[in-house]
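So you can see what is in the structure, the chains are spelled out below.
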Amino acid sequence: MDKKKVVVVGAGISGLSAAIYAARSGFDVTILEQHNISGGLSTAWSRKGYYFEGGMHWLTGSSPKLPLNKVWKTVGALQQNNPIDTRDVLYTIFDGDKKLSLHRNPQKMKEEFLAFAPEDKRMINRLYRDVKAFSRFFMPIFDVRGCACKNPARQSILAFIKMLPAALRFPRLVNQSYEEYVGKFRNKNIRHLLKVVIGYRYNALSFVYTLGSFASGDCGYPAGGSVRMAKNMEQTFLDLGGKIQFKTKVLKIQIEDGVTKGVQTNDGFLQADAVIVTQDARAAIDSLFDPPLDCAWAEKMRGNVIGEQNVFVCLGIKADLSRLPYGCVFPLDTPFEFGGLKVTEFRINNYSGYEGHAPDGCTVLTCLLLGESYDFWKAAKEDGTYRQKKDALLAQFVNQLEKFIPEIKGNIEVTDVATPCTYERYCGSYKGSWMSVWQKGGKMQNYPQTVAGISGLYFAGLRVLMPGGLPIAVNSGRLAAQMLCRDFAQIFV
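These remarks concern the structure in this document. Given the structure is predicted, the values throughout are model-derived calculations rather than measurements. Once a new chain begins, its residue numbering starts again from 1 and follows that chain's sequence as written. Residues qualify for local features only when their pLDDT is at least 70, as the model is predicted, and side-chain atom pairs are given and counted only at 80 or more; totals for whole chains, interfaces and linings, by contrast, use all residues. Computation of side-chain values covers all heavy atoms of the structure but excludes hydrogens and water.

**Focus: the packing of helix H14 (residues 374-383) against helix H16 (residues 420-427)**
Angles shown run from 0 to 180 degrees and are taken between the N-to-C directions of axes, each axis being a line fitted to C-alpha atoms and, for helices, limited to the stretch in contact. Helix and strand assignments come from DSSP, with helices taken as H or I runs of at least 4 residues and strands as E runs of at least 2, each series counted from the N terminus. It is at 8 Å that the axes of H14 and H16 come closest, and there the two elements cross at 75°. Taken as axis vectors, H14 and H16 run roughly perpendicular relative to one another. Side by side, H14 and H16 meet where Tyr-374, Trp-377, Lys-378 and Lys-381 of the first sit next to Pro-420, Cys-421 and Glu-424 of the second. The residue makeup of the contact of H14 with H16, split by class, is four nonpolar, no polar and three charged. For classification purposes, angles smaller than 35 degrees are called roughly parallel, those larger than 145 roughly antiparallel, those between 65 and 115 roughly perpendicular, and all remaining angles oblique. Pairs of residues are marked as contacts when any of their non-hydrogen atoms sit within 4.5 Å. Under this grouping Gly is polar, as are all residues other than the nonpolar Ala, Val, Leu, Ile, Met, Phe, Trp, Tyr, Cys and Pro and the charged Asp, Glu, Lys and Arg.

What follows is the structure in structure tokens.
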């Protein structure tokens, strides 16, 4: 019997995951990727001997104790060639002669915070208790109902019982913003330090969950970062007999009488029995269908998506900055403001301790400037001032950073700046965003990965499950493949 043909739109982490599981389960799978490399938003790039990690700062599911770790290993992302680094100190703030570190170990965190700011004893103890509770909380892995699985996911009742203390904190933390929670600390340096953990628009639950994941021993950094992990998955897929067509842009998905027929690309039409869309769903529902996709969940998505945006600044420094830790936080006397961004502290990632990121004696520094700035950069694209404004942002950023790291003055060999327009161009993401913001009081807006009335069409990746990121990407790809197996009566392997 001929294998059913499946086209996966996009070779990002969700696309690779969906493709691997579909190929393992007996489908003839082709990935179509508009660029010449896989990884999507999980990416990195080189400039004149400097290597900028642009997609991953830690990996949820890196701990072998968690169910998600099995998924990462099944898709080949984690292998012997990318061992996990679980450094204890996450970030260190420098304010004159004052220095304070944020530890992944909650006991160390509490002790150092109490010694530094005894006036915050009440909030430090609350943070400690919250983080301890969430150190037992993790993302469970479920199977799609109706899908016959060769190795069904099994859940431990004891593990769910251990998560109850965290679950009881949900209402308090969901209905409080991240900034409100951190704002209750009196010490300004603790506030600055805690404000760099995630994006400022999220609720407090997202913040505490992140610190809890670190405290559990999870969220390590795989050697080689984004590119090695994506390459591992790509090779796993190719070894299964899968095919990838790079530099192939999908223009439209063809639907006839409620049945998926294939995709129209820049190279012509490709027939398929099923299509799995892993491009940002918020963008795809409008751009990949003619007319735009019209269903209840698509309309809801159009009205509800709040995307996380950033400007990503990269510096290649002709100086050894190994005196500084990996995560440096510098509080700003005057906020950094540019194009709608307003940042009160710089979170600098220092790659001096990572092999292969810079020439000998040199250092890579990167910084995420989080905030809504898409409209500003889009307007700059349209009026021809885009490059000029990128240069102006870079000059302002470097001028402020030199006050904290004087060695960079006159020693910057390479610079690069990615704006939301860069992300939009590179991955087709909605307004250049790479996650969905879960705000104070908001609901986890998850969406069906299928469309009622259309057979052979599936979605995975950014937007379909909140908030996004690497764990959602790999698991949503797995779930899409399970739905495919269910509908085509295949055993999910």
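**Concerning the environment of Val-9**
One can find Val-9 in strand E1 (residues 5-9). For Val-9 and Pro-171, which are 162 residues apart along the polypeptide, the C-alpha to C-alpha distance reads 38 Å. Sequence-distant contacts of Val-9, that is, excluding residues within four places in its chain, are made with Leu-32, Val-250, Val-275, Ile-276, Val-277, Thr-278, Gln-279 and Leu-288.

**Quick notes on the environment of Lys-195**
Within the secondary structure, Lys-195 is located in the loop between helix H9 (188-194) and helix H10 (204-215). When the C-alpha atoms of Lys-195 and Lys-381 are compared, they prove to be 31 Å apart, with 186 residues separating the residues in sequence. Filtering out sequence-adjacent residues up to four positions away, Lys-195 remains in contact with Tyr-178, Glu-179, Val-182, Thr-344 and Glu-345.

**Some details on unusual backbone geometry**
Along the chain, Asp-290 connects to Pro-291 via a cis peptide bond; the corresponding omega equals 5°. Tracing the backbone shows Pro-291 in the loop between helix H12 (281-287) and helix H13 (296-304). Here the amide bond leading from Met-466 into Pro-467 is cis, since omega sits at -5°, within 30 degrees of zero. In this structure, Pro-467 sits in the loop between strand E20 (454-459) and helix H17 (470-487). With phi around 65°, Cys-219 is a residue other than glycine that occupies positive phi space. Note that Cys-219 resides in the loop between H10 and strand E8 (221-222).

**Details of the pattern of salt bridges**
When a carboxyl oxygen of Asp or Glu lies within 4 Å of a side-chain nitrogen of Lys or Arg, that pair is called a salt bridge. Applying the stated criterion to the full structure yields 20 salt bridges. With a shortest N-O distance of 2.7 Å, Glu-299 and Arg-302 are connected by a salt bridge. Of this pair, Glu-299 and Arg-302 both sit in helix H13, separated by three residues, roughly a single helical turn. A single salt-bridge network, built from bridges that share partners, covers Arg-282, Asp-286, Glu-299 and Arg-302.

**Here we look at the nonpolar core**
As a rule of thumb, soluble globular proteins bury nonpolar side chains together. Membership of the largest hydrophobic core comes to 89 residues, with the highest contact counts inside it found for Trp-72, Trp-297 and Phe-459. With 10 residues, H17 is the largest single contributor of residues to this core. Beyond its immediate sequence surroundings of up to four residues, Trp-72 is in contact with Ile-13, Leu-59, Thr-60, Gly-61, Ala-77, Leu-78, Met-229, Met-233, Leu-470, Pro-471 and Val-474. Put simply, a nonpolar core is a bunch of buried Ala, Val, Leu, Ile, Met, Phe, Trp, Tyr and Cys residues held in one set by side-chain atoms that sit within 4.5 Å of each other. The buried label goes to any residue with under 20% of its type's maximum accessible area, the exposed label to any with over 50%, and the partly exposed label to all in between, with areas taken from a 1.4 Å probe on protein chains only. Membership of the second largest hydrophobic core comes to 40 residues, among which are Ile-93, Leu-102, Phe-185 and Leu-194.

**Overview of the packing of helix H4 (residues 121-134) against H10**
The contact between H4 and H10 brings their axes to 7 Å, and the two run at 65°. Between H4 and H10, the angle is such that the two are roughly perpendicular. Between H4 and H10 the crossing geometry is right-handed. The residues of H10 that touch H4, namely those facing Leu-127, Asp-130, Val-131 and Phe-134, are Leu-205, Phe-207, Val-208, Tyr-209, Leu-211, Gly-212, Ser-213 and Ala-215. For the contact of H4 with H10, a count of residues per class yields nine nonpolar, two polar and one charged. By definition, any crossing whose near helix is turned counterclockwise from its far helix by less than a right angle is left-handed, and any crossing with a clockwise turn is right-handed.

**Examining the packing of aromatic side chains**
Aromatic rings in a pair are described by how distant their centres are and how their planes are angled relative to each other. Note on aromatic pairs: the rings of Phe, Tyr and Trp (six-membered ring only in Trp) are paired at centre separations within 6.5 Å, and the planes decide the class, stacked below 30 degrees, edge-to-face beyond 60, tilted for the rest. Counting across every chain of the model gives 26 aromatic pairs. Ring plane angle 85° and centroid distance 5.7 Å describe the contact between Phe-338 and Phe-376, whose orientation is recorded as edge-to-face. Remark: Phe-376 occurs in helix H14 and Phe-338 occurs in strand E15 (residues 327-338); sequence separation between them is 38 residues. On the accessibility criterion, Phe-338 (14% relative accessible area) is buried. Residue classification places Phe-376 among the partly exposed residues on the basis of a relative accessible area of 26%. On the basis of an interplanar angle of 20° and a centroid distance of 6.1 Å, the ring pair of Phe-338 and Trp-377 is categorised as stacked. In this pair, Phe-338 sits in strand E15 while Trp-377 sits in helix H14, placing the two residues 39 residues apart along the sequence. In this pair, the class of Phe-338 matches that of Trp-377, namely buried. Taken together, the aromatic side chains of Phe-134, Phe-137, Phe-170 and Tyr-209 make up a single cluster linked through ring pairs. Either the NZ atom of lysine or the CZ atom of arginine qualifies as a charge over a ring when it sits within 6 Å of the ring centre and within 35 degrees of the ring normal. Positioned above the aromatic ring of Tyr-128 is the side chain of Lys-110, whose terminal nitrogen or guanidinium carbon lies 4.1 Å from the ring centre. When the ring centre of Tyr-386 is taken as reference, the NZ or CZ atom of Lys-381 above it lies at 4.3 Å.

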